[in-house]
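Chain by chain, the residues:
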Amino acid sequence: MRNSTFKYILLVLLAGFAAYGQNAKKPSLMVMPSDAWCIQNGYVQTYDNQGIETKIPDYKKAFQENTDLLLVISKINGLMAEREFPLKNLETVLKGLENSNALNLVRTSKDTGASISESPLDQIVKTADADIIIQLTWAVNKVGPNTSITYNLQGLDSYTYKQIATATGTGAPSFSVELPVLLEEAVLENMEDFTHTLREHFEDMFTNGREVTLQVLAWDDWDGDLDDLSFEIEDWLDEKTVEGRFSTTDVTSTYALFEQVRMPLFDERNRAMAARNFFRDLSQKLSGSAYNIPNKLATEGLGKVTLILGGK
Amino acid sequence: MKRLFLLIALLFIVLGKAQYNQDNNDVLLGVYVPEQAENIPNNARSLLRTRLMQLITANGISGNVLRPRFFVVPRIAVLGKEILGTAPSRVVLDLEMALIIGDNETEKGNLFHTEFVNLKGVGQNEQKAYIAAIKRIAPKNPKLIAFLEHTKKEIINYYEEHCEEVKKKAYALKAQDQTEEAVKIIANIPLSSNCYAENEDDIGTFFQNALDQKCRQQLNTARSIWYADQSLEGAKEAGKVLSKIEPRAWCKDELKLLYKEIATRVRELGDNEWLLTLKEVDVAGQSTKYAREILLEYAKNQPQHIIKYNVGGWY
């Protein structure tokens, strides 16, 4: 009897965890070629940034001109999907953004003839992004008739900038010259470790909360002092985060950065939360009668929030 | 089959007495976008000029008509620039636009009022980022409205204080037969200034003389075309010139004479009437303001050359 009760409780708990896992806001993943690969292969745009030459990757050109890139990303996407990690496809996202921009250009209000309003911030946000970027670099090595591939896969958290998973290595030399085959041979060896680390990251998130970043800024016409206010914000974080886990990285009178903030995945009503939902309470508290500091809450994806003090 | 031709010459352009307030002809202010060290892309430069014209006309000031003495010139400084390796890439620009009011009549080009506006733009490349930033120049920006109101007052004050000097200069140019330059100086006197109110009769005579001179020139051109080629084609060409002449009292009779002469010849050549609508203008009702309107309208219809202002001393 005691044994069957224990089994029943265990079953209920497992079912509960499974339900949580299914409903929580899942981070999105996307494979992107690294800057190094783009520069080595000439897919770059060069700008003069006030006297400093700056090179940035030209992803569209890379996808249009390099079939190896398409094959490699397609292979990695396939391998990840087999391990229950479906990925966003960068090329498709880029095309989607172009279409959506074109649609916004031609949208006009029937009543007033107004166009779609777009702030500079909107332009920055409307880029291909994911919560976790899988950065890919590879090089083909040739020794006599043998070909091998050296690759580096890095799973990077877009908000905490942490590397959460990695797989790197060189495949065994082979007579095959087909890149996807070489890549599959090389990657398969470490793929399990890579996906296992990713899975551990997700499990850690479910257990200890999502790791997010809070940045606090001030409009230049705000006359308050963030130095003092940061203690109040720390009190709020201590109360609301999972086991009070966060770290205060920087505080000045106009800037504060709180990293490794572990926010719960669900609110009191068991609704899944992203960082913007979590920090809304802090925003409201600061603008309320106790502090009377109007502020603006800006979000970046699931895991980064910027609170700007002094106005909307 | 008789050749059918229709020659329509509109002899007189009927201009209603425009309300100068609505037409923004009160204060004239030019817009000049010079070459810059920061190398604003060409498309963005053109947009910047258009936006500034839109800004000043929306705030009750006339744009580049008769090459106004006072002009606004933007100077753009790049405060910050970031290039993001996102997909797609983004160029972020933080610009500071200084709007400077200049006076073109002084030797080095005087500068007397400046306002700063912050502009931010993001785009896939530098040109798009500049265009995005310049698009944010809003005619309803309170800071810019206040700046233009202040500028209007400054310009009116200038004419209050230098009225005699301005008139003397205009009459001196007129005496040297530089009527067009003289008219530009007189037309720049704002209607709402005391300088205009106190000298309205003189200014009216000035405009009248200028229009008469213009009428004489155009009538001579039409005559020379007609006497060189008294065919249907010649009549058509002469009619084009006649249609542009603004009727004034003195040349009205001569216009009619030339018209009758051409019409008779056209009837002989093609057995057709030279269709013409002759509309009389109430000359007695024409005011100085109306004469000014006509001159401004005339100037607007002239080929627009790229106007360059003297900013060498301070830009």
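Because the structure is predicted, anything quoted here is derived from the model rather than measured.

Engineer: In this structure, what is going on with the overall build of chain A? I would like to understand it.
Structural biologist: When helices and strands are tallied, chain A shows nine helices and eleven strands. Taking the principal axes of the C-alpha coordinates as reference, chain A spans close to 75 × 75 × 45 Å. In chain A, which comprises 312 residues, the share counted as buried stands at 39%. Restricting the contact set of chain A to residue pairs at least 6 apart, pairs at least 24 apart contribute 61%. Accessible surface, chain A as shown: approximately 17,400 Å² in total, 51% of it carbon and sulfur. Side-chain charges of chain A comprise 29 positive and 44 negative groups, with the mean position of each set lying 8 Å from the other.

Engineer: What exactly am I supposed to notice about the overall build of chain B here?
Structural biologist: Across its full length, chain B holds ten helices and eight strands. Within chain B, the fraction of its 315 residues that count as buried is 48%. Considering only contacts in chain B between residues 6 or more positions apart, those separated by 24 or more positions represent 73%. When the accessible area of chain B is evaluated, it comes to approximately 15,800 Å², of which 49% is carbon and sulfur surface.

Engineer: Please explain the sheet that holds strand β11 (residues 304-309) of chain A as it appears in this structure.
Structural biologist: Backbone-to-backbone hydrogen bonds join strands into a sheet, with any given pair of strands oriented parallel or antiparallel. Residues and elements named next belong to chain A. Taking strand neighbours across the sheet as the criterion, the five strands line up as β8-β9-β7-β11-β10 in an open arrangement whose pairing is mixed. Looking at which strands have only one partner, the edges of the open sheet turn out to be β8 (247-251) and β10 (295-300). Sheet twist, expressed as the mean angle between neighbouring strand axes with direction ignored, is 20 degrees. The sheet strands contacting helix α8 (residues 226-240) are β7 (210-218), β8, β9 (256-263) and β11, and the helix crosses β9 at an angle near 0 degrees.

Engineer: What's the story with the pattern of salt bridges in this structure? I'm lost.
Structural biologist: Charged atoms that come close allow side chains of opposite charge to pair. This structure, assessed with the given rule, holds 21 salt bridges over all chains. Residue Lys-162 of chain A pairs with Glu-211 of chain A through a salt bridge whose shortest N-O separation is 2.6 Å. Placement of the pair is Lys-162 of chain A in the loop between β5 (146-157) and β6 (163-170) and Glu-211 of chain A in strand β7, with a sequence separation of 49 residues. Glu-211 of chain A sits in the buried class, given a relative accessible area of 13%. Across the salt bridge formed by Asp-103 of chain B and Arg-69 of chain B, the nearest N and O atoms sit 2.9 Å from each other. Highlighted residues: Asp-103 of chain B in strand β6 (residues 90-103) and Arg-69 of chain B in the loop between β4 (61-62) and β5 (70-84), separated in sequence by 34 residues. In this structure, Asp-103 of chain B and Arg-69 of chain B share a single accessibility class: buried. Via salt bridges that share partners, Lys-162, Asp-204, Glu-211 and Arg-262 of chain A belong to a single interconnected network.

Engineer: Just checking my understanding: could you explain the domain arrangement of chain A for this structure?
Structural biologist: Size of an interface: often given as the accessible area lost when the parts come together. Residue and element names in this part refer to chain A. According to the domain assignment, chain A contains domain 1 (26-206) and domain 2 (209-309). On the side of domain 2, twelve residues touch domain 1, which itself brings ten residues to the contact. Summed over both partners, the interface of domain 1 with domain 2 buries about 1,000 Å², with 50% contributed by carbon and sulfur atoms. Scanning the region where domain 1 abuts domain 2 turns up two salt bridges. Across the domain 1-domain 2 interface, the total number found is six residue pairs in polar contact (both at pLDDT 80 or more). Split into classes, the residues belonging to the side of domain 1 that touches domain 2 amount to five nonpolar, one polar and four charged.

Engineer: Looking at this structure, how should I read the interface of chain B and chain A?
Structural biologist: The partner chain A presents 21 residues to the 22 residues of chain B that form the contact. Of the roughly 1,600 Å² buried where chain B meets chain A, counting both sides, 58% is carbon and sulfur surface. Per-residue buried area on chain B facing chain A is highest for Ile-83, Ala-87 and Arg-90 of chain B; these three make up 35% of the total on that side. Linking chain B with chain A are zero salt bridges. Counting across the interface, chain B meets chain A through seven residue pairs in polar contact (both at pLDDT 80 or more). Within the residue set of the side of chain B that touches chain A, elements represented by two or more residues are β5, β6 and β7 (110-123) of chain B.

Engineer: I keep staring at a nonpolar patch on the surface and nothing clicks. Help me out?
Structural biologist: Residue and element names in this part refer to chain A. On the surface, Leu-103, Leu-105 and Val-106 cluster together to form a nonpolar patch covering roughly 340 Å² of accessible area. Along the chain, the position of Val-106 falls in helix α5 (residues 90-106). Judged by its relative accessible area of 61%, Val-106 falls in the exposed class.

Engineer: What is the right way to look at the side chain of Ser-174 of chain A in this model?
Structural biologist: Residue and element names in this part refer to chain A. With respect to the helices and strands, the residue Ser-174 is situated in the loop between β6 and α7 (179-208). Assessed through its relative accessible area of 12%, Ser-174 is described here as buried. If near-sequence neighbours (up to four positions away) are discounted, Ser-174 is found in contact with Pro-145, Asn-146, Thr-147, Leu-182 and Glu-185.

Engineer: How should the pairing of β7 of chain A be read in this particular structure?
Structural biologist: Along any regular strand, the residues point their side chains to alternate faces of the sheet. Residue and element names in this part refer to chain A. Along β7, seven of the nine residues are buried, which leaves the element largely enclosed by surrounding structure. Across six bridges, the pairing between β7 and β9 is antiparallel. Following the sheet pairing, Val-212 is matched in β9 by Val-261. Here β7 runs beside β11; their pairing, made up of six bridges, is parallel. Residue pairing across strands places Gln-215 opposite Thr-306, the latter belonging to β11.

Rules behind the numbers
Residues numbered from 1 in each chain as written. Chains lettered and ligands numbered in written order. Predicted model: local features only at pLDDT ≥ 70, side-chain atom pairs only at ≥ 80, totals over all residues. Heavy atoms only, no water. Helix = DSSP H or I, 4+ residues; strand = E, 2+ residues; numbered from the N terminus. Buried < 20%, exposed > 50% of the residue type's maximum accessible area, 1.4 Å probe, protein only. Contact = heavy atoms within 4.5 Å. Areas by Shrake-Rupley, 256 points an atom, 1.4 Å probe, with all protein chains shown as cover. Lys, Arg positive; Asp, Glu negative; His and termini not counted. Charge placed at Lys NZ, Arg CZ, Asp CG, Glu CD. Pairing = 2+ DSSP bridges. Axes fitted to C-alpha atoms, helices over the stretch in contact; angles between N-to-C directions. Salt bridge = Lys/Arg side-chain N within 4 Å of Asp/Glu carboxyl O. Domains from an automatic or database assignment. Buried area = accessible area lost by both parts, 1.4 Å probe. Polar contact = N/O pair within 3.5 Å; in protein donor to acceptor, adjacent residues only side chain to side chain. Nonpolar A, V, L, I, M, F, W, Y, C, P; charged D, E, K, R; others polar. Patch = residues over 30% accessible without salt bridge, like charges linked within 9 Å, V, L, I, M, F, W, Y side chains within 5 Å.

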